[in-house]
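# Overview (structure and organization)
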There are 2 protein chains.
Amino acid sequence: MPPPKPLDHESVNENVKKVAYAVRGELYLRASELQKEGKKIIFTNVGNPHALGQKPLTFPRQVVALCQAPFLLDDPNVGLVFPADAIGRAKHYLSLTSGGLGAYSDSRGLPGIRKEVADFIERRDGYPSNPDLIFLTDGASKGVMQILNTIIRNEKDGILVPVPQYPLYSAAISLYGGSLVPYYLEEEANWGLDVNNLRHSVAQARSKGITVRAMVIINPGNPTGQCLSEANLRDLLKFCFQENLALLADEVYQQNIYQDERPFISARKLLLDMGSPLSREVQLVSFHTVSKGYWGECGQRGGYFEMTNLPPEKGSSCMDMTKQGPLERGSHQVSGNKTVDEIYKVASVSLSPNVPGQIFLGLMVNPPKPGDISYLKFTAESKGILDSLRRRARIMTDGFNSCRNVVCNFTEGAMYSFPQIRLPPKAVEAAKRAGKVPDVFYCLKLLEATGISTVPGSGFGQKEGVFHLRTTILPAEEDMPAIMASFKKFNDEFMEQYEDYRGYSRM
Amino acid sequence: MPPPKPLDHESVNENVKKVAYAVRGELYLRASELQKEGKKIIFTNVGNPHALGQKPLTFPRQVVALCQAPFLLDDPNVGLVFPADAIGRAKHYLSLTSGGLGAYSDSRGLPGIRKEVADFIERRDGYPSNPDLIFLTDGASKGVMQILNTIIRNEKDGILVPVPQYPLYSAAISLYGGSLVPYYLEEEANWGLDVNNLRHSVAQARSKGITVRAMVIINPGNPTGQCLSEANLRDLLKFCFQENLALLADEVYQQNIYQDERPFISARKLLLDMGSPLSREVQLVSFHTVSKGYWGECGQRGGYFEMTNLPPEKGSSCMDMTKQGPLERGSHQVSGNKTVDEIYKVASVSLSPNVPGQIFLGLMVNPPKPGDISYLKFTAESKGILDSLRRRARIMTDGFNSCRNVVCNFTEGAMYSFPQIRLPPKAVEAAKRAGKVPDVFYCLKLLEATGISTVPGSGFGQKEGVFHLRTTILPAEEDMPAIMASFKKFNDEFMEQYEDYRGYSRM
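Residues numbered from 1 in each chain as written. Chains lettered and ligands numbered in written order. Predicted model: local features only at pLDDT ≥ 70, side-chain atom pairs only at ≥ 80, totals over all residues. Heavy atoms only, no water.

## Here we look at the interface of chain A and chain B
Of the residues lining the interface, 103 residues belong to chain A; the matching set on chain B comes to 103 residues. Together, the buried faces of chain A and chain B total about 8,700 Å²; carbon and sulfur atoms form 57% of this surface. On the chain A side of the contact with chain B, A:Leu7, A:Tyr104 and A:Val349 bury the most area, a combined 9% of that side's loss. Put simply, chain A and chain B have 4 salt bridges between them. Linking A:Lys142 and B:Asp138 is a salt bridge whose minimum nitrogen-to-oxygen distance equals 3.3 Å. Run the count over chain A and chain B and you get 50 residue pairs in polar contact (both at pLDDT 80 or more). Here the element with the most residues in the side of chain A that touches chain B is helix H13 (residues 338-349) of chain A; it accounts for 8 residues. In the side of chain A that touches chain B, the residues fall into 47 nonpolar, 32 polar and 24 charged. (Contact = heavy atoms within 4.5 Å. Buried area = accessible area lost by both parts, 1.4 Å probe. Salt bridge = Lys/Arg side-chain N within 4 Å of Asp/Glu carboxyl O. Polar contact = N/O pair within 3.5 Å; in protein donor to acceptor, adjacent residues only side chain to side chain. Helix = DSSP H or I, 4+ residues; strand = E, 2+ residues; numbered from the N terminus. Nonpolar A, V, L, I, M, F, W, Y, C, P; charged D, E, K, R; others polar.)

## Things to note about the sheet that holds strand E2 (residues 134-137) of chain B
Residues and elements named next belong to chain B. Overall, mixed pairing links the 8 strands, which are arranged E2-E9-E8-E7-E6-E3-E4-E5 in an open sheet. Bordering the open sheet on either side are E2 and strand E5 (192-193), each of which pairs with just one other strand. The pairing of strand E6 (residues 211-218) with strand E7 (residues 246-250) spans 5 bridges and is classified as parallel. Across the sheet, Ile 218 pairs through a bridge with Asp 250, a residue of E7. (Pairing = 2+ DSSP bridges.)

## Quick word on the pairing of strand E8 (residues 284-289) of chain B
Residues and elements named next belong to chain B. Burial within E8 is extensive, with 6 of its 6 residues counted as buried. Side chains Leu 284, Ser 286 and His 288 of E8 all project onto a buried face; the interleaved residues Val 285, Phe 287 and Thr 289 project onto the opposite face, where all are buried too. Summarising the sheet, E7 and E8 pair through 4 bridges and their orientation is parallel. Its bridge partner lying in E8, Asp 250 is registered against Phe 287. Where E8 and strand E9 (residues 303-308) come together, 6 bridges link them in antiparallel fashion. (Buried < 20%, exposed > 50% of the residue type's maximum accessible area, 1.4 Å probe, protein only.)

## Topic: the domain arrangement of chain A
Residues and elements named next belong to chain A. Taken domain by domain, chain A holds domain 1 (9-40 + 379-498) and domain 2 (106-310 + 328-354). Taken together, the 34 residues of domain 1 in the interface contact 36 residues of domain 2. In total, domain 1 and domain 2 occlude about 2,900 Å² of area from one another, counting both sides; carbon and sulfur atoms represent 54% of this. It is Arg 390, Asn 409 and Glu 412 in domain 1 that bury the most area against domain 2; as a group they hold 23% of the surface buried on that side. Mapped by element, the contributors of at least two residues to the side of domain 1 that touches domain 2 are helix H1 (14-18), helix H15 (375-401) and strand E11 (416-417). With 6 residues, H15 is the largest single contributor of residues to the side of domain 1 that touches domain 2. Looking at the side of domain 1 that touches domain 2 residue by residue, the class counts come to 18 nonpolar, 11 polar and 5 charged. (Domains from an automatic or database assignment.)

Here it is in structure tokens:
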């Protein structure tokens, strides 16, 4: 036998092999195959609104199109196809670059757009934000990966991750060789968080020699769709303070709220509201993106992260997080904080995030204002999408709850529904015989029967013996009744087939 | 003392701290400071053509602008500002997506564009290329990082990297915890490669317990600007075969050739020319981008890598690299090769490369053809840029060679000049007293005196006691004589100041 070659499978980095990413896993691959064979597939596996027919918002696309074609700005006919405020904004963004969209920006993103993000955060939270602690990224996922790569040193470093979770976190923790420390969300409490679970998880990790160093929250939740309550957020911030954990707040769905009782509250606002010592001590990284929200500009890959409580080191001029002042700049210190400088350095290795995505981000945090030519159209388009998402969240939850052996919390936010599927023991046995995890078995049958491409709950984690699936609420509203009818027909027949007098796998 | 917090500098992943990236290092930061203070800076530290005034090519920008604003395609006035072939191409690219630029694509990139890349490679090399072995990326750097992350398992895995090298390689190897194994390029042989150096490097690494698993070549060279000769390429391919190394061929400058004697030859073409067993055995990953070439669309972040000799595993249908056939598809095997599937899986974690960058890549590999409306304009713009780069390469080389104690190989390709600066011993002593590496000392003084922002040779690696700097050849052609005069004035005065009767640091 010749020795394996460097790119043969047995030679590959074990951490790469350990990565699991169900959102584009077996179900997605099978769906792609069926599509190639001519079957109509409804891709609800990824939150990808435009792929399901959502139209882009006009104004930001006009601005970015003009930035791509700056020669149009001098064209006498430009006013025939673009409104004046889009032309003005394109000139504004081009003035922030040196060389337009074709030039690498600073590796943290264009300073002018980081300033727009800081202003947005200040308006949202009521506290100033420092642009030097904001990094623009090729989508939020890349930012999450960079921060985890910064934190994780080896397999003894643990990261608290909610279960169910979005598998970006488990995948990145595997890739960087750390340990995922799960904490369970309470399905019965509307996917809320119980600090006792957190304590239990940390204690269990410690007993295995793992140092828990950071905690992830996803708010609004993915795949679970809940909005964390203010009480929950307070508890977990205190917990992070007590346990010396950095908090990674995945807030990419902050625009997607489908009820009025529980509005989105940023972890940062609440942390700063809570006052000293927490407001000065808890290290927080918050993530946002143009992919989610109601913009859904996934393919543009624009995101940011903002760091809180990474102040200048001793010896630098002191920076008060509640004031925005100039930062000390040494020969290698651009932010005054050595960790921020390390993150900047690593970002520099791939030179810069894509510049068009940065401009989308600028537009998202600084949309048309009352009085602007495009304001009414922009507002109408925005309202149309958000209102429809709110109705779809309701149609889907109600649809699932009308099905045999299916129970589903209401989608308060984000863009997913995560119904529990109470699989009868016979179905679990049939799955075992087929060599499949039970929820994978169910989702594959659903796919073959209806073309609905979902992600099995096992891809996100769930309690032992409990089964779910995740679907986005993104199919076109007019298609929704037919999709839910098709799901109900499949599900109820499936249950009919596998149910017997012994009852369900779990009551 | 309270314990360090998770994001305090002492807590950060050591591999992150070890990363060094000189292209945006001390010199760049100092230049940015001086710019803020009002000094005119000529940024020649990064190959970033548009930042130095190069205009984007019109046709690709028109196409991407239309893709961003698909509502324009139905506008009766669109023909007043866009030519018909740009409109046609925009419709073509939109037809390849499901949801336009706002939708995530497949994580490998849009299949239709991967097919355009495969066709380009076939035209270039004379051998078919398989789109399933082509992955689109957010620029070539991200692709290089992903491949290195796949190969490197621990610090005993070595990667052969040329010295001088582009610091992406050293940075990524540090980040992923591997070992950089340097091999020296021969400045006296026009920065060619000597297989004896390679053997020596591998033997030295082995003596330290390091297994060398891959070799990097940069052709045309960065920072060195040479085109590898066919003989050199043959030698190194044989070497990779003998030593069981994967070859990583950084060919991002393949369009940038400034002489006719030594055209660019892709590693893949030569490998397949060499016939069995090499053509079936040597694993090769080749990188390309829209950032370099004469397009210079750095900010768009579009790149690809193509893998050669990662065939279907036993049990899959056999794939002959010289034919393009359908690949076996198992439930988790989409390419028929498990390593390719692992790379696909990891790419999936960040969902997809940015879609506008993918379209730029499609346009680069499939530019306007004779007879197209935009052909003449596109060709004239292209020729204008390439001819000017050729002249600038000459002006810069001649300029450096006219300076005291400076010798410089001609820039045969890429976009850099890498003159050797023979620093007098007194200058080396002065640098030591200032606590600076000698070439950093020189480059800082150059920056302060002239505003020319270069990168010291030590950022790329160089032989002990030999000093260089890297500059791009990208400043506007009309500014070039003044820049070189300013450099010469600084250099010759510097040498005057530090030279004495004892001679130079190196003859």
